[in-house]
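Observations on the three-dimensional arrangement
As a plain string of letters, each chain reads:
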Amino acid sequence: MADATHPTTNLTWANIALSFTFVLFDVGVSAFFGLGVEQGLLTAAIRCVAQLAVMAVLLHSVFSTNNPYAVAGIALLLNLLGTFEIVANKAKRRHHHMFPLLFIGMLSSTLPISIIGSRWAMSNSPFWSPANYIPVVGMLCGNAISAIVITVNFVMKELHENRDKVETYLAYGASRLEACKPIAREALRMALTPVINQMSVIGMISIPGMMTGALLGGASVDQAAYLQIIIMFMISSATALASFFATISVIIVTVDSEHRVRPDRINDKAFALWRARSWVLKQIVSMVEDLYAKMKNKKGAHARGLGDTGSEGEEEEREMLITASTPISPFAPRR
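Computed from a predicted structure; not experimentally measured. (Residues numbered from 1 in each chain as written. Predicted model: local features only at pLDDT ≥ 70, side-chain atom pairs only at ≥ 80, totals over all residues. Heavy atoms only, no water.)

Counting secondary structure elements, the protein chain contains eleven helices and two strands. Secondary structure elements of the protein chain, listed N to C terminal, follow the sequence α-α-α-β-α-α-α-α-α-α-α-β-α. Burial status across the protein chain gives 27% buried among its 335 residues. Within the protein chain, counting contacts between residues at least 6 apart in sequence, those at least 24 apart form 71% of the total. For the protein chain, the exposed area adds up to about 22,100 Å²; of that, 65% sits on carbon and sulfur atoms. (Helix = DSSP H or I, 4+ residues; strand = E, 2+ residues; numbered from the N terminus. Buried < 20%, exposed > 50% of the residue type's maximum accessible area, 1.4 Å probe, protein only. Contact = heavy atoms within 4.5 Å. Areas by Shrake-Rupley, 256 points an atom, 1.4 Å probe, with all protein chains shown as cover.)

Below you can see the structure in the form of structure tokens.
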């Protein structure tokens, strides 16, 4: 019987390649039912492999150095990439100064909760121990991203589609926070619902990833359960803070200090980086098409030139034959 305190398998890229068949199964289901998410599934799977491979390399170097500044850099990087993912890919609409505001919201929700929880709730000394702190920050960032996406999309959708209701409240003397209070309340409720549902079924129906990782790492069942409970409570707090900061930032930007709804500060265009990428690709395609058209025209002109030369030679031969077969008149002048 294998020792329960140590992992029983050594996973390789062959195992990952075998597990990729599960993604291919999803692609087949999508193609069969016409869901149209085949490309998204493959792209997400490739991103998953690439990102986790890069993260493994980074964490290996950070764990070996055991440097608090390296740990702080990883924590900032996770929050920065999370903010970029929200603004660039997840948000359906964007408002002015969205990136810096959400970045501040991410930092204000994940860092304090991770520091307090790691130092006192989890009794880690020092609190920045890479093997303990970085996974916690990563989980908090992942859940904060989900909460922010829900709140930002909902608030901007309501301000876009139900602008008249908010302006009615403002016209009757309500402040911008009072006018948007029903929207903010519903957005926060929607953001916290997944966490509430997760805590309701955890342990009884599902075994969460952190507990599974602790068990695979050799921790006792009791310690793995305690660790998961602490992590879930930290996630709930970070999610609440992140969604609160995101909701307030959207309201402050889209409803100005003069209590006017500012739809001009909201846009539904693609992210600037993706627009630039599309423009570059369009220019490349246009250049290739122009080059192909020029080559085709040049080839056609060359073929026409060869055809004209051949017809001129045939006409000269025809004139020579006609001249040779024509009888010479006896009255023609002698040369």
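The next thing to look at is a nonpolar patch on the surface. Among the surface-exposed residues, Val 54, Leu 58, Leu 77, Leu 80 and Leu 81 lie close enough to one another that they form a single nonpolar patch of about 380 Å² accessible area. Going through the elements one at a time, helix H2 (38-65) and helix H3 (68-90) are the ones with two or more residues in the nonpolar patch. Among the elements that take part in the nonpolar patch, H3 stands out by supplying three residues, more than any other. Mapped onto the elements, Leu 80 comes out in helix H3. Owing to a relative accessible area of 36%, Leu 80 belongs among the partly exposed residues under this scheme. (Patch = residues over 30% accessible without salt bridge, like charges linked within 9 Å, V, L, I, M, F, W, Y side chains within 5 Å. Salt bridge = Lys/Arg side-chain N within 4 Å of Asp/Glu carboxyl O.)

Another aspect to go through is the environment of Arg 185. One can find Arg 185 in helix H8 (residues 181-201). Between the C-alpha atoms of Arg 185 and Phe 244, which are 59 residues apart in sequence, the distance is 9.7 Å.

The subject of this paragraph is the packing of H2 against H3. Between H2 and H3, whose axes approach to 10 Å, the crossing angle comes to 160°. Classified by the angle between their axes, H2 and H3 sit roughly antiparallel to one another. For the pair H2 and H3, the sense of crossing is right-handed. Facing H2, whose interface residues are Arg 47, Met 55, Leu 58, Leu 59, Val 62 and Thr 65, H3 presents Ala 70, Val 71, Ile 74, Leu 77, Leu 78, Glu 85 and Asn 89. Looking at side-chain class alone, the contact of H2 with H3 contains nine nonpolar, two polar and two charged residues. (Axes fitted to C-alpha atoms, helices over the stretch in contact; angles between N-to-C directions. Parallel < 35°, antiparallel > 145°, perpendicular 65-115°, else oblique. Left-handed = near helix turned anticlockwise from the far one by under 90°. Nonpolar A, V, L, I, M, F, W, Y, C, P; charged D, E, K, R; others polar.)

The next subject is unusual backbone geometry. With an omega of 0°, the peptide bond between Ser 125 and Pro 126 qualifies as cis. Looking at where Pro 126 falls in the secondary structure, it is placed in the loop between helix H4 (98-121) and helix H5 (130-161). Backbone geometry at Ser 123 places phi at a positive 55°, although glycine is not the residue there. Looking at where Ser 123 falls in the secondary structure, it is placed in the loop between H4 and H5. Judged by its relative accessible area of 57%, Ser 123 falls in the exposed class.

Scanning the model with the defined rule gives nine salt bridges in all. The salt bridge partner of Glu 85 is Arg 47, with a shortest N-O separation of 3.2 Å. Here Arg 47 lies in helix H2 and Glu 85 lies in helix H3, a separation of 38 residues in the sequence. Glu 85 gets classed as buried once you look at its relative accessible area, which sits at 15%. Assessed through its relative accessible area of 36%, Arg 47 is described here as partly exposed. As a salt-bridge pair, Arg 163 and Glu 167 come within 2.7 Å of each other at their nearest N and O atoms. Here Arg 163 and its partner Glu 167 are both found in helix H6 (residues 163-171), four residues apart, which amounts to about one turn of the helix. Residue classification places Arg 163 among the partly exposed residues on the basis of a relative accessible area of 34%.

Rolling a probe over the atoms, with the probe sized like a water molecule, indicates the empty space that remains. The calculated volume of the largest pocket comes to roughly 1,200 Å³. Contributing to the lining of the largest pocket are 32 residues, with Gln 51, Leu 52, Met 55, Leu 78 and Leu 81 lying nearest its centre. Secondary structure elements with two or more residues in the lining of the largest pocket: H2, H3, H5, helix H9 (209-216) and helix H11 (272-325). Here the lining of the largest pocket gets ten residues from one element, more than from any other, and that element is H2. Split into classes, the residues belonging to the lining of the largest pocket amount to 21 nonpolar, seven polar and four charged. (1 Å grid on protein atoms, 1.4 Å probe; cavity = no way out; pocket = protein on both sides within 12 Å on 5 of 7 lines; lining within 4 Å. Points joined across faces, edges and corners; volume = space filled by probe spheres on them.)

Further remarks concern the nonpolar core. Leu 102, Ile 148, Val 152 and Val 166 are the most contacted members of the largest nonpolar core, which totals 42 residues. Taken together, the elements giving at least two residues each to this core come down to H2, H3, H4, H5, H6, H8 and helix H10 (221-254). (Core = buried A, V, L, I, M, F, W, Y, C linked by side-chain atoms within 4.5 Å.)

Once that is clear, we can look at the confidence of the model for the protein chain. The predicted structure's coordinates, where accompanied by low pLDDT, should not be read in detail. Residues with a pLDDT of 70 or more make up 87% of the protein chain, whose mean pLDDT is 87. Within the protein chain, the element-level pLDDT minimum falls on H11, averaging 75, and the maximum on H4, averaging 96. Overall, residues 1-5 carries pLDDT values under 50, and its contacts beyond four positions in sequence, including any with other chains, amount to six contacts. (pLDDT = per-residue confidence, 0-100.)

Glancing now at the packing of aromatic side chains. If you walk through the whole model with that rule in mind, you get six aromatic pairs. A centroid spacing of 5.7 Å and a plane angle of 85° characterise the contact between Phe 84 and Phe 271, whose relative ring orientation is edge-to-face. Taken together, the positions of Phe 84 in helix H3 and Phe 271 in the loop between strand E2 (266-267) and H11 put the pair 187 residues apart, joining distant regions of the chain. Classification of Phe 84 by relative accessible area gives partly exposed; the value is 28%. Looking at Phe 271, the relative accessible area reads 17%, which means it is buried. Summarising the aromatic geometry, the rings of Phe 84 and Trp 274 are spaced 6.2 Å apart at their centres and angled 75° between planes, so their arrangement reads as edge-to-face. A residue pair is termed long-range when its members are at least 10 positions apart, and Phe 84 in helix H3 and Trp 274 in helix H11 qualify at 190 residues. A connected cluster of aromatic rings, assembled from ring pairs, spans Phe 84, Phe 271 and Trp 274. A cation over an aromatic ring shows up here: Arg 119 above the ring of Trp 120, its NZ or CZ 5.6 Å from the ring centre. (Phe/Tyr/Trp six-rings, centres within 6.5 Å; stacked < 30°, edge-to-face > 60°. Lys NZ or Arg CZ within 6 Å of the ring centre and 35° of its normal.)

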